[in-house]
Amino acid sequence: MTETLNLRDFEAIARGRMDAGAFAYYSGGAGDEHTLRENEAAFARRWFRPRMLVDVSRINKSVTLLGERVRMPVGVAPTAQHRLAHPDGEAATARAAAAAGVMFCASTSSSLALEEIAAAAGPLRWFQFYTQDNAGPRSESLLRRAEAAGYRAIVLTVDLAVSGRRERELREGFDLGSLAFGNFAGPVVADDAPATGLRLQDEPSAFTWNDLAWLRARTTLPLVLKGILTAEDARLAVEHGAAAVWVSNHGARQLDRSPASIDVLEEIVAAVAGRAEVYMDGGIRRGIDVATALALGARAVFLGRPVLWALAADGEAGVARALSMMATELRETMALLGAASVGEITRGHVT
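Residues numbered from 1 in each chain as written. Predicted model: local features only at pLDDT ≥ 70, side-chain atom pairs only at ≥ 80, totals over all residues. Heavy atoms only, no water.

### Considering the packing of helix α3 (residues 34–44) against helix α10 (residues 261–272)
Thinking step 1. Between α3 and α10, the shortest axis-to-axis distance is 8 Å and the interhelical angle comes to 65 degrees. In terms of axis orientation, α3 runs roughly perpendicular to α10. Residues E38, N39, A42 and F43 of α3 pack against S261, I262 and D263 of α10.
Thinking step 2. Classifying every residue of the contact of α3 with α10 by side-chain character gives three nonpolar, two polar and two charged. (Axes fitted to C-alpha atoms, helices over the stretch in contact; angles between N-to-C directions. Helix = DSSP H or I, 4+ residues; strand = E, 2+ residues; numbered from the N terminus. Parallel < 35°, antiparallel > 145°, perpendicular 65-115°, else oblique. Contact = heavy atoms within 4.5 Å. Nonpolar A, V, L, I, M, F, W, Y, C, P; charged D, E, K, R; others polar.)

Structure (structure tokens):
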């Protein structure tokens, strides 16, 4: 672990420690993985315009997300099955996020039950929601449980109309249906099977914008729509009551040749026009990536794969180290840009 100097260093360690199928499940993208590569490459096309002789003796990285103060605009994105990386699973990740003072988003597809994760997490916790039966009782039960467990927002993933085709895991023979999912008593089930297990999205979803009214009527928590990639959908999200819009291509795991998140961020920020908060994920590996996203209008960014690699490398301590690295890199980047606070990072800092 002393040899890890940046987030990418954790990936090589994780590859050596994880089962090949599990590593393929975490690392793979859809199709020919054009979007997977582009998520990172798109950041390299942006260059900074640093300002000089600014007082940066005190750097303030904190922001508020839906009214909650976090220590930096970097959170932990919802990702499935943390026990594939480490036996402590999501509990280890949640503890590290709480210690770092950042937002943690638990996945419907977690290894541990949402109640177990809540017990390990700090107050900064959101619940990512996959509908299980469109607007039905199984979905409503998840919402009720999340509210009872003290989650502060519901993050509805909207880009899983059907599961993407990820050939890395297919070549390794990885079987998602063989895993245990903490939020469900039974095994994974097919789309049309009435059961208590997690619903795999093998058939196209029937959940639409009209169904958001059902969702809004069943929770008092703020609603975040995750998976938005166009201005048109960003405007619809706000019109349907979203408190925040999350720019994401699902880690390039769904539709290949979808745009890199950073490439459509400004379009979505403009469409939202201050009526909701805007977050993003995809390809963020360094503090300079975080600063780039902030300059283009994001309020915060979220890390997916880098957190999983760190978890596989050294459990809770690995995730804590990864988040500490990001905090240090962001602080250094802000000082060199001439921005003493997150709010001072502007469009003028990036070209």
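The structure having been displayed, the exposition proceeds.
### Thoughts on the pairing of strand β5 (residues 125–129)
Thinking step 1. Of all the five residues making up β5, five are buried; the element is thus mostly covered by neighbouring parts of the structure.
Thinking step 2. The two faces of β5 match: R125, F127 and F129 on one face and W126 and Q128 on the other face are all buried.
Thinking step 3. Bridge count between strand β4 (residues 104–106) and β5: three bridges; the pairing is parallel. Bridge assignment links C105 to a residue of β5, and that residue is W126. (Buried < 20%, exposed > 50% of the residue type's maximum accessible area, 1.4 Å probe, protein only. Pairing = 2+ DSSP bridges.)

### Describing helix α1 (residues 7–17)
Thinking step 1. Within α1, the full set of buried residues consists of L7, F10 and A14. Down the axis, α1 shows its buried residues gathered within 40 degrees of arc, on one side only. Of the exposed residues in α1, those oriented more than 90 degrees away from the buried face are A12, R15 and G16.
Thinking step 2. The residue sitting at the N-terminus of α1 and contributing the capping side-chain oxygen is N6; that oxygen lies 3.0 Å from the backbone nitrogen of R8. (Arc of directions from axis to C-beta. Polar contact = N/O pair within 3.5 Å; in protein donor to acceptor, adjacent residues only side chain to side chain.)

### Section: helix α9 (residues 231–239)
Thinking step 1. All buried positions along α9 are accounted for by A231, A234, A237 and V238. Down the axis of α9, the buried side of the element spans an arc of 115 degrees, and every buried residue falls inside it.
Thinking step 2. Buried residues along α9 sit against β7 (223–228), β8 (244–247) and α10.
Thinking step 3. G241 lies just past α9 and shows a positive phi near 95 degrees.

### With respect to the pattern of salt bridges
Thinking step 1. Using the criterion set out here, one finds 19 salt bridges in the structure.
Thinking step 2. Put simply, E167 and R165 hold a salt bridge, and the shortest N to O gap is 3.7 Å.
Thinking step 3. A relative accessible area of 29% places E167 in the partly exposed class.
Thinking step 4. One salt bridge in this structure joins E169 and R166, with 2.9 Å as the shortest N-O distance. As far as the burial class goes, E169 and R166 line up, both buried.
Thinking step 5. Because the salt bridges share partners, they merge into one network encompassing E38, R45, R46 and D263. (Salt bridge = Lys/Arg side-chain N within 4 Å of Asp/Glu carboxyl O.)

### Considering the packing of aromatic side chains
Thinking step 1. As enumerated under the stated definition, the model contains 10 aromatic pairs in all.
Thinking step 2. Aromatic side chains W126 and F302 sit 5.9 Å apart centroid to centroid with 35 degrees between the ring planes, which places their arrangement in the tilted category. Taken together, the positions of W126 in strand β5 and F302 in strand β10 (residues 300–303) put the pair 176 residues apart, joining distant regions of the chain. Here the two residues W126 and F302 agree in accessibility, since each one is buried.
Thinking step 3. Above the ring of Y151, the side-chain terminus of R125 is found at 5.6 Å from the ring centroid.
Thinking step 4. Over the ring of Y25 we find R253; its NZ or CZ atom is 4.9 Å from the centre of that ring. (Phe/Tyr/Trp six-rings, centres within 6.5 Å; stacked < 30°, edge-to-face > 60°. Lys NZ or Arg CZ within 6 Å of the ring centre and 35° of its normal.)

### Description of the pairing of strand β9 (residues 277–281)
Thinking step 1. In terms of burial, β9 is largely enclosed, as five of its five residues are buried.
Thinking step 2. With burial as the criterion, each face of β9 is covered, one bearing E277, Y279 and D281 and the other bearing V278 and M280.
Thinking step 3. In this structure, β8 lies alongside β9, joined through four bridges in parallel fashion. For V247, the partnering residue across the bridge sits in β9 and is M280.
Thinking step 4. Crossover connection from β8 via α10 to parallel β9: handedness right-handed.
Thinking step 5. Relative to β10, β9 runs parallel, the two being bridged by three bridges. The partner of D281 across the bridge, within β10, is F302.
Thinking step 6. Considered for its hand, the β-α-β crossover made up of β9, helix α11 (residues 287–295) and β10 is right-handed. (Right-handed = clockwise from strand over helix to strand, strands pointing away.)

Honestly, that's just the spatial picture; any functional story needs more than this.
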